[in-house]
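If you want the building blocks of each chain, they are given just below.
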Amino acid sequence: MSSKKVYVKFFDGSQIGEGIYFFNMTFNAIMYLNLNNYSLKYAGNISAEKKSQKALSTGMNYRNKDIIYFFPNNTNVIMKFDVINKKDGTIPIKGYKKEIFRTIGYVYYQNKIYIFPYELEEGIFVLDLLTQKVYKDRELSKLFKSNLYCASVFLIEDSIVLISISGSSKIIEIDIKNKKIIRKYELENNINIDNMCFDGTHFWIMQRESTDIYEWDIRNNCLEKYENINVVWDDQKYMNSSPYSRLIFLKDEILVLNCFLKNILKINKKNKTIENIVDFPKGFNLVNKRFAGWPVCNSFKIVGDKVLIYPSRGNMLLIYDINTKQLSGKELFVLEKDVPYLNEVIEEIFLDKILHSESDELETLCNFLDTIGQEYKKEQEKNEQIIGNMIFNRMKVQ
């Protein structure tokens, strides 16, 4: 087979020592990113899942000592990985019947992880870290009616959780200890929530189909509007989508990561505007059409005077220098020598009986021809063995 080069994709990870362990979205692999030199290393995979499975987990993870729990996005089990012993495992979500559980958020409370799915009517599930079992919290689940879709989840104090409802102006405050709704907010200005971020004092609301961002003072329940002076949102072109994905709160500035917009931007708090384009480094490109509907940039980590912006659609780990205000990048990819089963991943993709197109760097015409050629060779060898055995048996009888 020809040499393979595959870009890794991830939303978030868990830091252990001087590196980050994360779940690759391109195929089933747990990777390790060294924070000193940004080198990449294969750590393991989830053996119970197909090696070619994409986006098994999308950044929702929790570290408990040497074990990282990866919450599902494209499967229906919680996956875990022991970074010391390199052992993997899965925990079934008891009471959940569907094939796909899409985790939007979680909170930790008293040795338990409360897991919130995209469709809240599916129920709130709890991972008990002591028993290593998952159960459905039926009392909490009863609080949510149908057609409520979770956008974000925050533990704001003790057992109080704030949940924003996607595609609406609704925010719900609940008590997970006493199993009750404390308060429901209905925001003004026809806000259409896509995601929320918290700066330590106020919440910031990014919308669907609008380039306006709102700063929400929950204590006084008042809103401050920030307008994008560079971009007019095209409802026809970007219907039901979002311009932004996440905000990064730094000491003297706020970065706005882009979802469908072309650039990373900054918020001007004095003028109440969104402006100041941050230029991508030379060589930065969007790769992998399979993730075309996903954010260009989504998650990050602040390390000293650098902000690491993880690749969810691009070919690079982006590195923002807080002092110089410049963005640089480093390509993040693996080769065949890095991942022992990369060819097996490609074979699994093409041996599925579905229509294929060149949607990413794995699913290419060259890889397809390589796979077909290998399968043909195996079949020929198999046929030769059968014919050889037939001739040998005939000669033995005579």
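For every chain, the first residue of the written sequence is number 1, and numbering continues from 1 onward in sequence order. Only residues with pLDDT of at least 70 get local features here, since the model is predicted, and only at 80 or more are side-chain atom pairs given and counted; chain-wide, interface and lining totals rely on the full set of residues. With hydrogens and water stripped out, all remaining heavy atoms of the structure feed into the side-chain values.

> Looking at this model, I keep getting lost on the side chain of asparagine 268. Mind explaining?
Tracing the chain through its elements places asparagine 268 in strand S24 (residues 264-268). The term polar contact refers here to a pair of N or O atoms within 3.5 Å; inside protein, the definition further demands a hydrogen-donor-capable atom paired with an acceptor-capable atom, and it admits residues adjacent in sequence only when both atoms are side-chain atoms. A polar contact is formed between the side chain of asparagine 268 and the backbone nitrogen of lysine 270, at a distance of 3.1 Å. In this structure, asparagine 268 is in contact with Tyr226, Thr273 and Glu275, ignoring residues within four places of it in sequence. Secondary structure elements are defined from DSSP: runs of H or I of at least 4 residues count as helices, runs of E of at least 2 residues count as strands, and each element is numbered from the N terminus. Pairs of residues are marked as contacts when any of their non-hydrogen atoms sit within 4.5 Å.

> Would you take a moment to explain the layout of surface pockets for this structure?
The probe, sized like a water molecule, is rolled over the atoms to show the empty space still left. There is about 1,500 Å³ of room inside the largest pocket. We place a 1 Å grid over just the protein atoms. Points where a 1.4 Å probe fits but has no way out form a cavity, open points with protein on both sides within 12 Å along at least 5 of 7 lines form a pocket, and any residue with an atom within 4 Å of a point lines it. The wall of the largest pocket is formed by 47 residues, among which Met60, Ile104, Asn195, Arg246 and Asn298 lie closest to the centre. For the lining of the largest pocket, the elements supplying multiple residues, two or more each, are strand S2 (13-16), strand S10 (103-109), strand S14 (150-157), strand S18 (193-198), strand S22 (244-249) and strand S26 (297-303). Under the grouping applied here, Gly and all other residues not named as nonpolar or charged are polar, the nonpolar ones being Ala, Val, Leu, Ile, Met, Phe, Trp, Tyr, Cys and Pro and the charged ones Asp, Glu, Lys and Arg. Considering only residue class, the lining of the largest pocket consists of 22 nonpolar, 19 polar and 6 charged. Grid points are joined across faces, edges and corners, and a volume is the space filled by probe spheres set on the points.

> Any chance you could explain the nonpolar core here in plain terms?
The nonpolar side chains of a soluble globular protein tend to be buried, and buried together. In terms of nonpolar packing, the biggest core is built from 22 residues, with Phe27, Leu33, Leu308, Leu317 and Val334 touching the most fellow members. Residue assignment for this core shows that the elements contributing at least two residues are strand S3 (19-24), strand S4 (29-34), strand S27 (306-311), strand S28 (316-321) and helix H2 (342-351). Excluding anything up to four places from it in sequence, leucine 317 contacts Leu33, Tyr38, Leu308, Ile309, Tyr310, Pro311, Ser328, Gly329, Lys330 and Leu332. In these notes, a set of buried Ala, Val, Leu, Ile, Met, Phe, Trp, Tyr and Cys residues joined through side-chain atoms within 4.5 Å is what counts as a nonpolar core. The classification of residues rests on relative accessible area computed with a 1.4 Å probe and restricted to protein chains. Under 20% of the type maximum is buried, over 50% is exposed, and intermediate values are partly exposed. With 19 residues, the next largest nonpolar core counts Ile124, Val126, Phe144 and Ile174 among its residues.

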